[in-house]
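The primary structure of each chain is shown beneath.
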Amino acid sequence: MTTVTRTNTETVLQVEDLRTYFRTRWGTVKAVDGISFDLRRGETLGIVGESGCGKSVTMLSLMRLIPIPPGRIVSGSIILDGEDIIQISEQEMAKIRGSKIALIIQDPMTSLNPVFSIGNQVEEAIRIHQDIPKRMVKERALDVLRKVNIPAAETRMKDYPHQMSGGMRQRVVGAIGISCQPQVLIADEPTTSLDVTIQAQYLKLLKDIQRDSNLSIIFITHDFGIVAKMCDRVAVMYAGRIVEHGSVRDIFNNPSHPYTEALLASVPKMDQDVDRLYSIEGQPPPLHDLPIGCAFAERCPDVMDKCRAEYPTNFAVNEGHTASCWKLE
Ligand SMILES: Nc1ncnc2c1ncn2[C@@H]1O[C@H](COP(=O)(O)OP(=O)(O)OP(=O)(O)O)[C@@H](O)[C@H]1O
Ligand code: SF4
Ligand SMILES: [Mg+2]
């Protein structure tokens, strides 16, 4: 077991200079290219960015679920509760996955098995990760289903996924995620398939669970409305890197990277005419052929010569607020 002393008691997860690459026939896809962040106990970190910027690959790296080949974590460290989980064996990782760090993936339908009952699937998660007597497994499964507000949980345990509504299925996936009381819960765009009311209920439920258990959450989303409601801090990703990082207030009130500004400007406002919606022109560069300089240069209204020549340093905007942009030099 590799134990390090860098993590303080407040920090449950510390990611440093993580790089995850995929070998493809076009070349090396640098899906995650040197990202660093930390997560404190009981807090929620939002990760936002356009499709394909590396959010899910980051989270799969944290779970050590990158398919090898074509993928590989090429460098960096992921210190979870004092231990670098990149260095441990797959056997050790299997014990940690689900019990210390759990992932709720994008589509609740694909993360549930259609041929097993709900009860069976929650019990299975508990059996794998918790060393408790057999007779107590069902009781514990019922407990977590009640915790996520499944009505008549005892009866519904016998149901199969297709017998439940989308919102209920999402709750079951949430129940599996929290069934072993992880320290870190990663929710990868967990609400996309839900209507707005059910989404709001589910988010409130996650918040309640977090308050009761001091759970740390990483929330991956495209939706700044969800960030505002759910998160304490935000990391904005662009082309495999974190380009801005700060408290929710910093990011909303003082966005300092032109990409963050553009993302915020593209959020529809209630009173806005749909024709006037701002969207970010152009595309991110391909991740197998990243430029030497700033990856946002081709789309940036403020681009300067230096931006194309050299990747911008990470500058401090305020305490706890950083951005990688030459404008801040
Ligand atoms: N198995 C794989 N083989 C090759 N490339 C991959 C593989 N998995 C992911 N990638 C690449 O890694 C990059 C980042 O993908 P990722 O799924 O992390 O994006 P994302 O930010 O989660 O996007 P979305 O918002 O659409 O979910 C993409 O360019 C993707 O094509
Ligand atoms: S470094 Fe230059 S191109 Fe990149 S975001 Fe800042 S101003 Fe724009
Ligand atoms: Mg994704």
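Analysis parameters
- Residues numbered from 1 in each chain as written.
- Chains lettered and ligands numbered in written order.
- Predicted model: local features only at pLDDT ≥ 70, side-chain atom pairs only at ≥ 80, totals over all residues.
- Near = placed C-beta within 6 Å.
- Helix = DSSP H or I, 4+ residues; strand = E, 2+ residues; numbered from the N terminus.
- Nonpolar A, V, L, I, M, F, W, Y, C, P; charged D, E, K, R; others polar.
- Pairing = 2+ DSSP bridges.
- Contact = placed C-beta atoms within 7 Å.
- Axes fitted to C-alpha atoms, helices over the stretch in contact; angles between N-to-C directions.
- Domains from an automatic or database assignment.
- Parallel < 35°, antiparallel > 145°, perpendicular 65-115°, else oblique.
- Left-handed = near helix turned anticlockwise from the far one by under 90°.

### With respect to the site of ligand 1
1) Next: In the vicinity of ligand 1 there are 16 residues, among which A31, S51, K55, S56 and V57 approach most closely.
2) Next: The set of elements that each furnish at least two residues to the shell around ligand 1 consists of β1 (11-24), β2 (27-40) and α1 (55-62).
3) Next: Looking at the shell around ligand 1, the element that brings in the most residues is α1, giving three residues.
4) Next: Taken together, the residues of the shell around ligand 1 sort by class into eight nonpolar, seven polar and one charged.

### Comments concerning the sheet that holds strand β5 (residues 83-84)
1) Next: Spatial ordering of the open sheet is given by β2-β1-β4-β5, a layout of four strands whose pairing is antiparallel. A strand with exactly one partner marks an edge of an open sheet, and here the two such strands are β2 and β5.
2) Next: Sheet topology places strand β4 (residues 71-80) next to β5; two bridges connect them, and they run antiparallel. When the sheet's bridge partners are listed, I79 is paired in β5 with D84.
3) Next: Where α1 meets the sheet, its contacts fall on β1, β2 and β4, and the angle it forms with β2 comes to roughly 65°.

### A look at the domain arrangement of the protein
1) Next: When its domains are assigned, the protein resolves into domain 1 (11-100 + 182-328) and domain 2 (111-181).
2) Next: Computed over C-alpha atoms, the centres of domain 1 and domain 2 are 29 Å apart.
3) Next: In this assembly, 13 residues from domain 1 lie in contact with 15 residues from domain 2.
4) Next: Top contributing element to the side of domain 1 that touches domain 2 by residue count: helix α8 (residues 196-213), with six residues.
5) Next: Across the side of domain 1 that touches domain 2, the residue classes break down as nine nonpolar, four polar and no charged.

### Details of the packing of helix α4 (residues 118-129) against helix α7 (residues 166-178)
1) Next: One way to put it is that α4 packs onto α7 with a least axis distance of 8 Å and a crossing angle of 20°. The angle between the axes of α4 and α7 places the two elements in the roughly parallel class. You can see that α4 and α7 cross each other, and the crossing is right-handed. Facing I118, Q121, V122 and A125 of α4, the residues of α7 in contact are V172, A175 and I176.
2) Next: Of the residues assigned to the contact of α4 with α7, the class counts are six nonpolar, one polar and no charged.

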